[in-house]
Amino acid sequence: MRLSKTFVKTLREAPKDETAANGALLTRAGYIHKEMAGVYDFLPLGLRVLENIKNIIREELNKLDCEEVIMSALQNPEPWEKTGRFSDQEVDIWFKTELSAGGTLGLAPTHEEPMIEMVKKYVSSYKDLPFSVYQFQNKFRNELRAKSGILRGREFLMKDLYSFHTSEEDLDKFYAKVEGAYARIFERVGLGESTFETFASGGIFSKFSHEYQTFLPVGEDTVYYNKDKSLVLNKEVFEDEVLEEFGVNKADFEETTGAEVGNIFKLKFKYSEPLGLKYIDEGNSQQIVYMGCYGIGVSRLMGVIVEKFADEKGLVWPEAVAPFKYYLVGIGEDGERKAAELYAGHEDEIILDDRDLRPGAKFADSELMGIPYRVVVSEKTLAKDSAEITERSTGKTSMIKLDKLSFIK
Ligand code: ATP
Ligand code: MG
C-alpha cells in the first residue's frame, strides 16, 4: 500500500462521539469509519485485519473438515416462528421491515433456523451425517447499548459453525475438536495467554455451555478465575451448588472482567426438533439430528486485540493479524529512491509512506497504525548498506543489512 495513493487519512484527534478506545484508535488510524452508533465500515486496513483473522479461523476449521457457505442476511420469519424466536417478547433484538408485497422480513441476528431449513433439503439418511457447516456473515441485532466501538455492534461480523450428528457421542467428539481449534485460533491471533474457556449457563446436556472470555478491563462480563485449577466461571453460574460440583470455594477465585469472543453449545435437539430435522437410521426408524453450534465474534475479536495491545502511541498488532508487516520510510532523495525500489514487488507486505511529510509525522503514523516493523532507509543507513528497523511492540531499534530484510529474500 502506498500512502500517497490511498483515499484514507489518519486523524490527529479522536472523534468526539467515540467513547471506546478501540473505536477511537481504529478511526484515527484509518481502519474503520463510523456510520452510526454500533455500525461501522471497514476501510482497506481494517478489512485486511478482518481477513487475516478470518483466514486463521478458516484454516483451523477446514482442518476439521468443516465446509464454508454464506447464507442470506434477509430472513423469512417462518422458521423463526416455529422455534419462538421471532416474537416481540422479552427484548426484541430483531431489525424487521415490511415487504412491499405484504408481510414481514427480518435481518438475521444468528442463523440456526435458516441453517436447519437449508440442510433439511439434503439430509435424509444416517449416511448423510455427520457434517459441519460454517460461514462468516454479518449479523444484525438491535442492541440496547452500542457504545463499545466494534466490541458491540448493531451490525457485526460473526463466524457461526453448526454441526449435525446421529449421536451424543459423535457430537461430544466433534465438540472437543472445536475446543482444540478454538484454542489454536486464539493462540494464533495473539490472545492465547489471556483467553479462557469459561463455564456459562445455557447448556442442554449438562447445565453449562462454554464461552471464550478474554480478560480485559473493558470487558462487559464478570468472570471468576481460579488460577490453580485454571478454572473460569461466568458470574451467571458462580453459585454454591456449581462450586461444590467443581470442589472449590468462592474464596479460591478472583473476580475480573472478560470480553466474550466466542461460545460453543451442545444444542442437542433444541432447534432440530421444532424444525423437524430428522434422518432414517440403520434400523429404518426416524430420528432427530443432534446439533452443536459454535460462534466467534470476528469483529469483536479485532476490537479485543486492539484493546489488549494498544499503547499511548496507538495500535499494536500481533504479526499474524497485522494488515501489513512493514512500514517503510525513505528519508532524503537517496532514501526515497531506495524505499521505492524495496517496495516494488512486495506491495502485499509493505506500507510505503511516500507522502510529502516530515519523517516525524510518518513515524507517528507508523506507530498509530500499529504496523509490526518500521523500516527506515536514509543516506546514513545506505552508507552501511543497511536500514534501521524498529519493532512496534517493544520500540527496539537496530540496524539490519538490506540483504537480510526478510521481504527481500
Ligand atoms: P453477548 O453476551 O456479548 O451479547 P451473545 O451471547 O449474545 O454475546 P452469541 O449470540 O452467542 O453472543 O454470538 C456469538 C458471538 O458473537 C459472541 O460470543 C460474541 O463474540 C459475538 N457477538 C455477540 N453479539 C455481538 C455484538 N453485538 N457485536 C459484536 N459481537 C457480538
Ligand atoms: Mg447478546
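A brief structural summary. In every chain, residue numbers begin from 1 and rise along the written sequence. Written order determines the labels here, with chains lettered from A and ligands numbered from 1. Local features are withheld for residues below a pLDDT of 70 in this predicted model, meaning they are given only at 70 or higher, and side-chain atom pairs are given and counted only at 80 or more; totals for whole chains, interfaces and linings count all residues. Hydrogen atoms and water are omitted, and side-chain values are computed over all heavy atoms in the structure.

Concerning the pairing of strand β8 (residues 155–165)
Move 1: Any residue under 20% of the maximum accessible area for its type is buried, any over 50% is exposed, and the rest in between are partly exposed; the area is computed with a 1.4 Å probe on protein chains only. Numbering of helices and strands runs from the N terminus, with a helix taken as a DSSP run of H or I at least four residues long and a strand as a DSSP run of E at least two residues long. Most of β8 is tucked away: ten of the eleven residues are buried.
Move 2: Two elements, strand β7 (residues 131–140) and β8, share ten bridges in a ladder whose sense is antiparallel. Considered in β8, the bridge of Phe140 is made with Glu155.
Move 3: Judged from the eight bridges that link them, β8 and strand β16 (residues 290–297) form a sheet pairing that is antiparallel. Within the sheet, the bridge partner assigned to His165 lies in β16 and is Tyr290. When DSSP finds at least two bridges between two strands, those strands are taken to pair.

Details of the sheet that holds strand β4 (residues 74–75)
Move 1: On the basis of which strands lie adjacent, the open sheet formed by three strands has the order β4-β6-β5 and antiparallel pairing. Lying at the two open borders of the sheet, with one neighbouring strand each, are β4 and β5 (95–98).
Move 2: Here β5 pairs with strand β6 (residues 104–107) via four bridges, running antiparallel. Note that in β6 the partner of Glu98 across the bridge is Thr104.

Description of the nonpolar core
Move 1: Here the nonpolar core consists of buried residues drawn from Ala, Val, Leu, Ile, Met, Phe, Trp, Tyr and Cys, with membership extended through side-chain atoms lying within 4.5 Å. Grouped together as the largest cluster of nonpolar side chains are 59 residues, with contacts concentrated most on Tyr31 and Trp317.
Move 2: Here this core gets eight residues from one element, more than from any other, and that element is helix α5 (residues 168–188).
Move 3: Excluding anything up to four places from it in sequence, Trp317 contacts Leu26, Tyr31, Val49, Met302, Ile305, Val306, Ala322, Pro323, Met369, Gly370 and Pro372.
Move 4: Membership of the second largest hydrophobic core comes to 17 residues, among which are Met115, Val119, Leu267 and Met291. Between two residues, a contact is recorded if the distance between any of their heavy atoms is within 4.5 Å.

Observations regarding the sheet that holds strand β19 (residues 373–377)
Move 1: Pairing is mixed in the open sheet, where five strands are placed in the order β18-β17-β19-β20-β21. With one partner strand each, in any of the chains shown, β18 (350–352) and β21 (397–401) form the two edges of the open sheet. Averaged over all neighbouring strand pairs, the angle between strand axes comes to 30°, with direction disregarded.
Move 2: Of the pairings in the sheet, the one linking strand β17 (residues 326–330) to β18 comprises three bridges and is parallel in character. Each residue of the ladder has a partner; that of Tyr326, found in β18, is Ile350. Each axis is a line fitted through C-alpha atoms, and for a helix only the stretch in contact is used; angles between axes span 0 to 180 degrees, taken between their N-to-C directions.

A word on the environment of Val298
Move 1: Relative to the helices and strands, Val298 resides in helix α7 (residues 298–309).
Move 2: We classify Val298 as buried; its relative accessible area is 0%.
Move 3: Along the sequence, Val298 and Asp356 sit 58 residues apart, while their C-alpha atoms lie 36 Å from each other.
Move 4: Not counting chain neighbours up to four residues away, the residues in contact with Val298 comprise Leu50, Ile53, Lys54, Ile57, Phe136, Leu157, Met158 and Lys159.

Examining the site of ligand 1
Move 1: Residues are labelled near a given molecule or strand when at least one of their non-hydrogen atoms is within 4 Å of it. For ligand 1, the set of nearby residues contains 13 residues, the closest of which are Arg141, Glu143, Gly153, Glu260 and Asn263.
Move 2: Between a nitrogen atom of ligand 1 and a main-chain N or O atom of Gly153, the distance comes to 2.8 Å.
Move 3: N or O atoms within 3.5 Å of each other form a polar contact, as long as, within protein, one can give a hydrogen and the other can take it, and as long as residues adjacent in sequence are counted only when both atoms are side-chain atoms. At 2.6 Å, a side-chain N or O of Asn263 approaches an oxygen atom of ligand 1.
Move 4: Across the complex, the protein chains shield 81% of the 580 Å² of accessible surface that ligand 1 would expose by itself.
Move 5: When contributions to the shell around ligand 1 are tallied by element, the ones reaching two or more residues are β8 and β13 (254–268).
Move 6: Sorting elements by how many residues they give to the shell around ligand 1 places β13 first, with four residues.
Move 7: Amino acid classes used here: Ala, Val, Leu, Ile, Met, Phe, Trp, Tyr, Cys and Pro are nonpolar; Asp, Glu, Lys and Arg are charged; the rest, including Gly, are polar. Counted by class, the shell around ligand 1 contains four nonpolar, four polar and five charged residues. In this description, accessible areas are obtained by the Shrake-Rupley approach with a 1.4 Å probe, and a residue is regarded as covered only by the protein chains that are shown.

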